[in-house]
Amino acid sequence: MFTKQEFHLMKELTLSDFKLKYKNSSLGFFWSLLKPLAMLMTLYIVFKLFIKIESENYILFLLLGIILWNFFSESTVFGLNSVVSKSNIVKKINFKYEILIISACLVSFLSFILNFMVFLGFLLLIKGLPPISGFYIIIPILEMFFLSLGLSLILSLLFIRYRDIGYLWDIFLQIGFWISPVAYPLEIVPAKFLGFYMLNPVAMMITVSREVILYDKLPDTAMLIMSFLFTITILTFGYTLY
């Protein structure tokens, strides 16, 4: 558990890092928005016009997948670097290093919230008000936050000793993007591989998010339980390392 002073430090680090992220940039937060929009246009052209993926409201389908994946990717990369990048603070002040990692993940979460609001704007324009089931999306989003935090706790500790971890994680994220249903529906995954494919917790979280907010479906209980157990395991293991 954290003390009141530690919570205050976490808050200050989160807000200062979030402001620094866009400091001295003429477009500010819009740079964070331009990345998913650029990915959206590129992937839409490739998968919709060239490969001719058939999926209802594919722009919304694709945009939600992109911002969820970017949240996972960005938070783990920031979390991985958080302790090393703040080495000047670590050497001067005695405090729990987990605070730096949690703060890094919260910065990415704030960016995600802003991007998600943009997604909701697209949703209102294209489809109208989200269904009541859309409120369930908070569950996979929180699962993704805690999964990212758990992985960041593990990766940051490894990164302190082995800097090659940063390069390996970049490669993993590149592979992970294509083995997660970011740009394509599950229907194109061969049935014989689907069971193994869905062991990917990020795939489960993205799938549940789309089902509840785009297709007015209740969340798949089995997927939620599996992703929850995986997330708790990673988070607990990561936290015990500190």
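Everything numeric in this text was worked out from a predicted model, so none of it was measured.

Undergrad: Help me get a handle on the pattern of salt bridges, residues and values and all.
TA: For the coordinates displayed, the defined rule picks out two salt bridges. A salt bridge links Lys 96 to Glu 6, with the nearest nitrogen and oxygen atoms 3.9 Å apart. Here Lys 96 is found in the loop between helix H4 (87-92) and helix H5 (98-126), whereas its partner Glu 6 is found in helix H1 (residues 4-21), with 90 residues between them in sequence.

Undergrad: Tell me about the packing of aromatic side chains, and name the residues and values.
TA: On inspection of all chains with the given rule, the structure shows 15 aromatic pairs. When the ring of Trp 69 is compared with that of Phe 72, the centres are 5.4 Å apart and the planes differ by 50°; the resulting orientation is tilted. In this pair, Trp 69 and Phe 72 are both assigned in helix H3 (residues 58-85), three residues apart and thus about one turn of the helix distant. Classification of Phe 72 by relative accessible area gives buried; the value is 3%. Within the aromatic cluster, the residues linked to one another by ring pairs are Phe 47, Trp 69, Phe 72, Trp 169, Phe 172, Phe 177 and Trp 178. Here Arg 163 stacks its cationic end above the ring of Phe 159, 5.4 Å away from the centre of that ring. Directly above the ring of Phe 61 sits Arg 210, whose terminal nitrogen or CZ lies 3.5 Å from the centroid.

Undergrad: Account for the side chain of Ser 180, naming residues and giving values.
TA: Looking at the element boundaries, Ser 180 is found in the loop between helix H7 (164-178) and helix H8 (191-197). Polar side-chain contacts of Ser 180 include one of 2.8 Å to the side chain of Asn 200. The contact partners of Ser 180, leaving out residues within four places of it in the chain, are Trp 69, Tyr 197, Asn 200 and Val 202.

Undergrad: So what's going on with the nonpolar core? Residues and values would help.
TA: Grouped together as the largest cluster of nonpolar side chains are 68 residues, with contacts concentrated most on Phe 72, Phe 119 and Ile 213. Looking at this core element by element, the count peaks at 14 residues for H3. Setting aside residues up to four positions removed in sequence, Phe 119 forms contacts with Leu 60, Leu 63, Leu 64, Ile 67, Ile 213 and Leu 214.

Cut-offs applied
Residues numbered from 1 in each chain as written. Predicted model: local features only at pLDDT ≥ 70, side-chain atom pairs only at ≥ 80, totals over all residues. Heavy atoms only, no water. Salt bridge = Lys/Arg side-chain N within 4 Å of Asp/Glu carboxyl O. Helix = DSSP H or I, 4+ residues; strand = E, 2+ residues; numbered from the N terminus. Phe/Tyr/Trp six-rings, centres within 6.5 Å; stacked < 30°, edge-to-face > 60°. Buried < 20%, exposed > 50% of the residue type's maximum accessible area, 1.4 Å probe, protein only. Lys NZ or Arg CZ within 6 Å of the ring centre and 35° of its normal. Polar contact = N/O pair within 3.5 Å; in protein donor to acceptor, adjacent residues only side chain to side chain. Contact = heavy atoms within 4.5 Å. Core = buried A, V, L, I, M, F, W, Y, C linked by side-chain atoms within 4.5 Å.

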